[in-house]
Amino acid sequence: MFSKILIANRGEIAVRIIRACREMGISTVAIYSEADKDSLHVQLADESYCVGGNRVADSYLNMPAILTVAVESGAQAIHPGYGLLSENAKFVSLCEQCNINFIGPSSEMIKLLGDKDNARKTMRAAGVPVTPGCDIVESVEQAKEEAEKIGFLIKARSGGGGKGIRRVDSIEQFEEAFLSASSEAQSAFGDGACYIEKFIHPVKHIEMQLLCDKYGNIVCLGERECSVQRKNQKMIEESPSPALDEKTRKEMMIAAVKAAKAVNYVNAGTVEFLLDMDNNFYFMEMNTRLQVEHGVTEMVTGLDIVQWQIRIAAGAKLSRTQDSIFTHGNVIECRINAENPEKGFRPSCGRITRLHTPGGAFVRFDTAIYQDYFVPPYYDSMIGKLIVQARSRAEAIRKMKMALSELTIDGIDINRDLLAEILSDEQFVSGEYTTDFMAEFEEKHADRKK
């Protein structure tokens, strides 16, 4: 087992990883930007080092500075969390060259699965259902020709987080959307290549969590329903999905394991699927990192995914087999963001003047904020994840509404009230919501913004 791990991240996920390490008796090294000098992850780590200025590019993406700290501090491994460098094949390759263990898959694996076009081809060859689409197009004209046959969903080959994706309703809108998607992907990921995919509609977004060790052992920890999204950004996740019957769930789990075996995947990974209204599902992508919503699966299974990531990276075999994985009750997660939904989801920053977090049985709040903490303006707006577990879905919804009503964060704007409204919406309560939910919800409530 490693004796010291560097956490190449910030905020709640850095805190989450530090706590997992401390439970395992592993020393931790934090990195931070100038704006984050008073952050909780800096205070909790055994060692901490400033790696640059306020901007992400100057600090948390500063590969030479991060690797220098890792080498000089004697860290044997780096945990990237999610986002930032977590799926950066170049960074993983540099870790490998420096003889530092990267807690995640290899650089070659990240390259393979980060290229959505290659990933689709690999999954199709392995017998995993894949959304109909074409290969990478070489020009706007070729893209138009393919779109006329397939549909008007444009997807970038690289990246994630909703970047490089555009859907249009007619060929007249296509060229502008294609160039916009390509430009956005080029700017964000250095790769503007795109392909066309069939737009399946309406759909639910369901993902399967996997753990894979270095010896070919794989367990699937079940699904997370992630269909409540705004502009491809998830807002609420739950497990189990209210949409899946046991037959479809089993088939989807088998497909997820098949996807991992097809590429000899190692460490934690998530296979994302689209589920149509006839219970047909299609491979969308495989995320080669810890997911923001991993806590949902941890609560429903009782397994610590972060600790298992560390064990696998250190060479341990999975101690659980598929028939020993059980889920218990229903879990719901709400992402707490520093933003104002009433003003176009404008990000909010400032000092937290009063903080009260909810408690009680089976209530978890993953966060890095504290009383008098200053939320900086430079980073992602998510400041916490509120997670609850109950015996049934109806009870979990009630428990989450109770927990949200207790959550008090004064000094900044947060999206708490919007989340409570969503939980009371008839379509959400029925479990029959799709990825269209938020667009329809906002249209219903458009008058409140006037």
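Above this text you will find the structure in question.
Residues numbered from 1 in each chain as written. Predicted model: local features only at pLDDT ≥ 70, side-chain atom pairs only at ≥ 80, totals over all residues. Heavy atoms only, no water.

A. Structural context of the sheet that holds strand E4 (residues 77–79). Ordered in space as E3-E2-E1-E4-E5, the five strands form an open sheet in which the pairing is parallel. Among the strands making up the open sheet, the edge pair consists of strand E3 (47–52) and strand E5 (101–102). Judged from the five bridges that link them, strand E2 (residues 27–33) and E3 form a sheet pairing that is parallel. Note on E3: the bridge partner recorded for Val 29 is Glu 47. (Pairing = 2+ DSSP bridges. Helix = DSSP H or I, 4+ residues; strand = E, 2+ residues; numbered from the N terminus.)

B. View of the sheet that holds strand E7 (residues 165–167). Overall, antiparallel pairing links the three strands, which are arranged E7-E6-E8 in an open sheet. Two strands bound the open sheet, and with one partner strand each, they are E7 and strand E8 (194–197). Mean inter-strand twist for the sheet, computed between neighbouring axes without regard to direction, equals 20°. Pairing between strand E6 (residues 153–156) and E7: three bridges, direction antiparallel. By the bridge assignment for E7, Lys 155 is matched with Ile 165. (Axes fitted to C-alpha atoms, helices over the stretch in contact; angles between N-to-C directions.)

C. Focus on empty space enclosed by the protein. A full pass over the atoms with the stated rule returns two cavities of 30 Å³ or more. Computed from the structure, the largest cavity encloses a volume of approximately 40 Å³. Lining the largest cavity are 13 residues, with Ile 103, Gly 104, Thr 288, Arg 289 and Gln 309 sitting closest to its centre. Grouping the constituent residues of the lining of the largest cavity by class yields six nonpolar, six polar and one charged. Reported here for the second largest cavity is a volume of approximately 30 Å³. Lining the second largest cavity are Leu 211, Val 219, Leu 303, Trp 308, Leu 318 and Arg 320. Classifying every residue of the lining of the second largest cavity by side-chain character gives five nonpolar, no polar and one charged. (1 Å grid on protein atoms, 1.4 Å probe; cavity = no way out; pocket = protein on both sides within 12 Å on 5 of 7 lines; lining within 4 Å. Points joined across faces, edges and corners; volume = space filled by probe spheres on them. Nonpolar A, V, L, I, M, F, W, Y, C, P; charged D, E, K, R; others polar.)

D. Quick peek at the nonpolar core. Counting residues in each nonpolar core, the largest one holds 36 residues, and the members touching the most others are Val 228, Ile 236, Ile 336, Ile 383, Ile 409, Ile 422 and Phe 428. Looking at this core, the elements with two or more residues in it are strand E11 (233–239), strand E14 (330–337), strand E19 (363–367), strand E21 (382–390), helix H12 (393–406), helix H13 (416–424) and helix H15 (437–444). A total of five residues in this core trace back to one element, the largest contributor, which is H12. In this view, Ile 383 contacts Ile 336, Asn 337, Ala 338, Asp 366, Thr 367, Ala 368, Ile 369, Val 375, Ile 409, Ile 412 and Ile 414; residues no more than four positions away in its chain are not counted. Among the nonpolar cores identified, the runner-up in size contains 31 residues, and Ile 7, Leu 290, Val 292 and Ile 325 belong to it. (Core = buried A, V, L, I, M, F, W, Y, C linked by side-chain atoms within 4.5 Å. Buried < 20%, exposed > 50% of the residue type's maximum accessible area, 1.4 Å probe, protein only. Contact = heavy atoms within 4.5 Å.)

E. Examining helix H8 (residues 174–189) more closely. The end-to-end C-alpha distance of H8 is 22 Å, a good match for the 22 Å that 16 residues give at a rise of 1.5 Å each. For H8, the set of buried residues is Phe 174, Ala 177, Phe 178, Ala 181, Ser 182 and Ala 185. The arc that holds every buried residue of H8, seen down its axis, measures 130°, which confines them to one face. Summarising the geometry of H8, the exposed residues directed more than 90 degrees from the buried face are Glu 176 and Ser 187. Structurally, H8 contributes buried residues whose contacts are with helix H7 (140–150), E6, E7 and E8. Positioned one or two residues after H8, Gly 190 has a phi angle of 75°, which is positive. (Expected span 1.5 Å × (residues − 1). Arc of directions from axis to C-beta.)

F. Representation of the layout of surface pockets in the model. In this structure, the second largest pocket spans a volume of roughly 330 Å³. Lining the second largest pocket are 16 residues, and of these Gly 222, Glu 246, Arg 249, Met 253 and Thr 327 sit closest to its centre. Every element with two or more residues in the lining of the second largest pocket is listed here: strand E10 (218–230) and helix H9 (246–262). A class-by-class count of the residues in the lining of the second largest pocket yields eight nonpolar, four polar and four charged.

G. Molecular detail of unusual backbone geometry. Of the consecutive residues His 201 and Pro 202, the connecting peptide bond is found in the cis state with omega at -5°. Note that Pro 202 resides in the loop between E8 and strand E9 (203–212). In the segment running from Ser 239 into Pro 240, the intervening peptide bond is cis, with an omega of 0°. Among the secondary structure elements, Pro 240 is positioned in the loop between E11 and H9. For Phe 362, which is not a glycine, the phi torsion comes out positive at approximately 60°.

H. Representation of H15 within the structure. For H15, the complete set of buried residues consists of Phe 437, Met 438, Phe 441 and Glu 442. The buried side chains of H15 occupy one side of the element, clustering within an arc of 125° when seen end-on. Summarising the geometry of H15, the exposed residues directed more than 90 degrees from the buried face are Ala 439, Glu 443 and Lys 444.

I. Region of the structure containing the environment of Val 56. Within the fold, Val 56 resides in the loop between E3 and helix H3 (63–73). C-alpha of Val 56 to C-alpha of Glu 141: the two residues are 85 residues apart in sequence and 37 Å apart in space. Those residues in contact with Val 56 that sit more than four places away from it in its chain are Leu 61, Leu 84, Tyr 378 and Tyr 379.

J. Expanded view of the environment of Met 382. Position of Met 382 relative to the elements: it lies in strand E21. Exposure remark for Met 382: the relative accessible area of 14% places this residue in the buried category. Apart from the residues lying within four places of it in its own chain, the contact partners of Met 382 are Glu 12, Tyr 82, Val 292, Arg 335, Ile 336 and Asn 337.

K. Representation of the environment of Leu 404. Secondary-structure assignment places Leu 404 in helix H12. Setting aside its immediate chain neighbours within four residues, Leu 404 contacts Cys 334, Ile 336, Leu 386, Arg 416, Leu 419, Ala 420 and Leu 423.

L. Examining the packing of aromatic side chains more closely. In this structure the tally under the stated criterion is ten aromatic pairs. For the ring pair Tyr 60 and Tyr 379, a centre distance of 5.9 Å and an interplane angle of 80° mean the geometry is edge-to-face. Taken together, the residues span a long stretch of sequence, with Tyr 60 in the loop between E3 and H3 and Tyr 379 in the loop between strand E20 (374–375) and E21 at a distance of 319 residues. Of the two residues examined, Tyr 60 and Tyr 379, each falls in the buried class. Between the aromatic rings of Tyr 370 and Tyr 373, the centroid separation amounts to 5.3 Å while the plane-to-plane angle is 50°, which identifies the pairing as tilted. You can call Tyr 370 partly exposed: its relative accessible area is 25%. Taken together, the aromatic side chains of Phe 428, Tyr 433, Phe 437 and Phe 441 make up a single cluster linked through ring pairs. Sitting over the ring of Tyr 215, Lys 317 keeps its end group 5.3 Å from the ring centre. Taking the ring centre of Phe 428 as reference, the NZ or CZ of Arg 393 above it sits at 4.9 Å. (Phe/Tyr/Trp six-rings, centres within 6.5 Å; stacked < 30°, edge-to-face > 60°. Lys NZ or Arg CZ within 6 Å of the ring centre and 35° of its normal.)

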